[in-house]
Structures are given as structure tokens and as C-alpha cells.
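Here's the letter readout for the chains.
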Amino acid sequence: MSRQKKETPRLIDQYGTWDEVYRKTPQTELPWNAGKPDPELVRLIESQAIPVGRAIDVGTGPGHDAIFLAKKGFKVLAVDIAASAVELAKTNAKKAGVEVAIDYRVESVLNLSSPGGTATFVNDRVCFEVLAEEDREGYARKISEVLISGGHLFLRTFSEKEPPGPGPHRFTREEIEGVFSRDFDFLDFRDGVLAGLRQAKIYVALLRRK
């Protein structure tokens with residue numbers, strides 16, 4: 001239990017569930033909210049390294065990444081376990097004029113009901129990192145199931161270079177590779193900084209489904 005406590009975000013400690021976090025915290029105070037599309041995602045998509053197709057934004061939160069992908073022509077499924085996060089994402093999408101271009105679902109990433117093998121791109125901005133250790137391999141299998149062969153997963157997650165303290169698990173490169181290497185090839189793996197209030201040290205990884 002002590003380890004789980006250390007890996008649990010401070011806002012979850014305070015409010016109890018992700019749904020309560022999004023209901024009780026202004027989006028400007030969410031540590032992971034950049035208030036705009038993630039700069040790493042913007043760079044990747046604008047480099048044209050990822051063809052436009054069917055995207056899934058897991059742990060969509062305020063929805064800025066899903067909005068960006070929709071504006072770039074992707075058919076987007078935005079998923080979050082918190083109903084209040086999905087409502088916030090819908091509000092932000094409506095303001096951006098792309099609400100109808102995004103399919104929103106309140107759903108655990110571990111139970112994605114998207115038809116298998118249809119997504120070309122999965123965007124994960126600090127979703128994987130908050131899963132319990134016993135769920136990590138199941139997550140990798142599920143993402144592999146929903147992606148086409150050759151589809152891409154774009155992963156951003158806390159790294160062990162972030163000082164100890166409240167928040168998600170700090171991953172080593174070896175841990176990440178141990179979870180994903182069976183089903184994915186790593187095309188890029190590097191250090192980064194998470195845009196937002198906290199400016200946490202992260203790993204940025206681009207993976208391709210085998």
C-alpha cells in the first residue's frame with residue numbers, strides 16, 4: 001500500500017477519484033494541463049512523420065490534444081475514465097469548433113471498445129504513468145489490439161530524472177522497454193519536459209506496432 005500511495009497523484013489523494021479531481025479543480029490548476037496542445041505532439045504531427053488517419057487520445061483530460069488532432073484531419077476517439085474530464089473536453093472542443101469531429105467516451109483505457117486494429121495512431125500524454133503496476137502489460141496489449149500493424153503510439157511519461165515526491169511513478173527506460181518491446185518497436189526515445197504548471201521531466205517515446 002505504501003508504494004501505491006507514493007505513485008498516486010496528489011490531487012487523487014485530496015479528492016478521491018479522477019472524476020472528483022476534474023469537478024473540483026479549475027483546469028488552469030491541473031498540473032498536467034498545458035492549456036494548449038502538447039508541444040511534443042504538435043512537433044511530431046507537423047513533421048508529417050505520422051500520416052493522417054484514425055487517432056485515439058487516451059486520458060484525454062481537458063482535450064487539447066484531441067482538438068489539435070481533429071483540426072489536422074484525424075478522425076479522433078477521445079477517452080477518459082472521468083466523466084467530468086470528458087465534459088470539460090467537450091466544452092473546450094465546442095469553443096474550438098471541432099466538437100462534432102471527435103467521438104468522446106467515458107471509458108477505461110484498459111477496456112477500450114474501439115474495434116480492434118482500426119486506429120493508426122494512439123496519443124498518450126501521461127496516461128500510462130498513472131496505471132497500477134499490475135495493469136501496465138494489459139495496457140500495452142490493449143493498445144496493440146486497437147492499432148493497425150505499423151500504427152504508432154506516442155508516449156509521454158514521467159522519467160526517473162524527475163525528483164521523488166507526489167505524483168505518478170517515475171519510469172526508467174528499461175521499465176518502459178520491458179512493457180512494450182514485445183509488441184512494439186521503438187523509433188524514438190528521449191528526454192523531455194512536460195508542458196504545464198509542473199514542468200516535470202519526462203520520457204518522450206514514439207513506438208510502432210509490429
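Overview of the structure.

So, how was this worked out
- Residues numbered from 1 in each chain as written.
- Predicted model: local features only at pLDDT ≥ 70, side-chain atom pairs only at ≥ 80, totals over all residues.
- Heavy atoms only, no water.
- Helix = DSSP H or I, 4+ residues; strand = E, 2+ residues; numbered from the N terminus.
- Polar contact = N/O pair within 3.5 Å; in protein donor to acceptor, adjacent residues only side chain to side chain.
- Pairing = 2+ DSSP bridges.
- Axes fitted to C-alpha atoms, helices over the stretch in contact; angles between N-to-C directions.
- Contact = heavy atoms within 4.5 Å.
- Salt bridge = Lys/Arg side-chain N within 4 Å of Asp/Glu carboxyl O.
- Buried < 20%, exposed > 50% of the residue type's maximum accessible area, 1.4 Å probe, protein only.
- Phe/Tyr/Trp six-rings, centres within 6.5 Å; stacked < 30°, edge-to-face > 60°.
- Lys NZ or Arg CZ within 6 Å of the ring centre and 35° of its normal.

### Overview of the environment of Ser84
So, point 1. With respect to the element layout, Ser84 can be found in helix H6 (residues 83–96).
So, point 2. Put simply, Ser84 and Leu206 are 122 residues apart on the chain and 29 Å apart in space, counted from C-alpha to C-alpha.
So, point 3. Here the side chain of Ser84 touches Asp19 through a polar contact of 2.6 Å, landing on its backbone oxygen.

### Concerning the sheet that holds strand S2 (residues 75–80)
So, point 1. With respect to topology, seven strands assemble into an open sheet ordered S3-S2-S1-S4-S5-S7-S6, the strand pairing being mixed. Of all the strands in the sheet, the pair left with one neighbour each is strand S3 (102–106) and strand S6 (184–193). Sheet twist, expressed as the mean angle between neighbouring strand axes with direction ignored, is 15 degrees.
So, point 2. Relative to S3, S2 runs parallel, the two sharing five bridges. Bridge pairing in S3 links Val76 to Ile102.
So, point 3. Against the sheet, H6 touches S2 and S3, its axis set at about 165 degrees to S3.

### Description of the pattern of salt bridges
Pairing between side chains becomes possible if they bear opposite charge and their charged atoms approach one another.
So, point 1. According to the stated counting rule, one finds 15 salt bridges in the structure shown.
So, point 2. Glu40 is the partner of Arg43 in a salt bridge, and the nearest nitrogen-oxygen pair spans 3.4 Å. Here Arg43 pairs with Glu40, and both are found in helix H4 (residues 39–46), just three residues apart, close to one helical turn.
So, point 3. Among the residues examined, Arg43 registers a relative accessible area of 52% and is labelled exposed.
So, point 4. Of the charged contacts, one joins Asp191 and Lys161 as a salt bridge, the two residues approaching to 2.8 Å between their closest N and O atoms. Residue Asp191 is located in strand S6, and its partner Lys161 is located in the loop between strand S5 (147–158) and helix H8 (173–180); the two are separated by 30 residues in the primary sequence.

### Section: the environment of Arg208
So, point 1. As for its placement among the helices and strands, Arg208 is situated in strand S7 (residues 201–209).
So, point 2. Sequence separation between Arg208 and Ser144 is 64 residues; the distance between their C-alpha atoms is 9.4 Å.
So, point 3. With near-sequence residues (within four places) excluded, Arg208 lies in contact with Gly150, Gly151, His152, Asp183, Phe184, Asp185 and Leu187.

### Here's the deal with the packing of aromatic side chains
So, point 1. Applying the stated rule across the entire model yields 10 aromatic pairs.
So, point 2. Judged by centre distance (6.0 Å) and plane angle (75 degrees), the ring pair of Phe180 and Phe184 falls under edge-to-face. The exposure classification of Phe180 matches that of Phe184, with both residues buried.
So, point 3. By way of ring pairs, the aromatic residues Phe128, Tyr139, Phe171, Phe180 and Phe184 are connected into one cluster.
So, point 4. It is Arg173 that lies over the ring of Phe189; its NZ or CZ is 4.3 Å from the centre.

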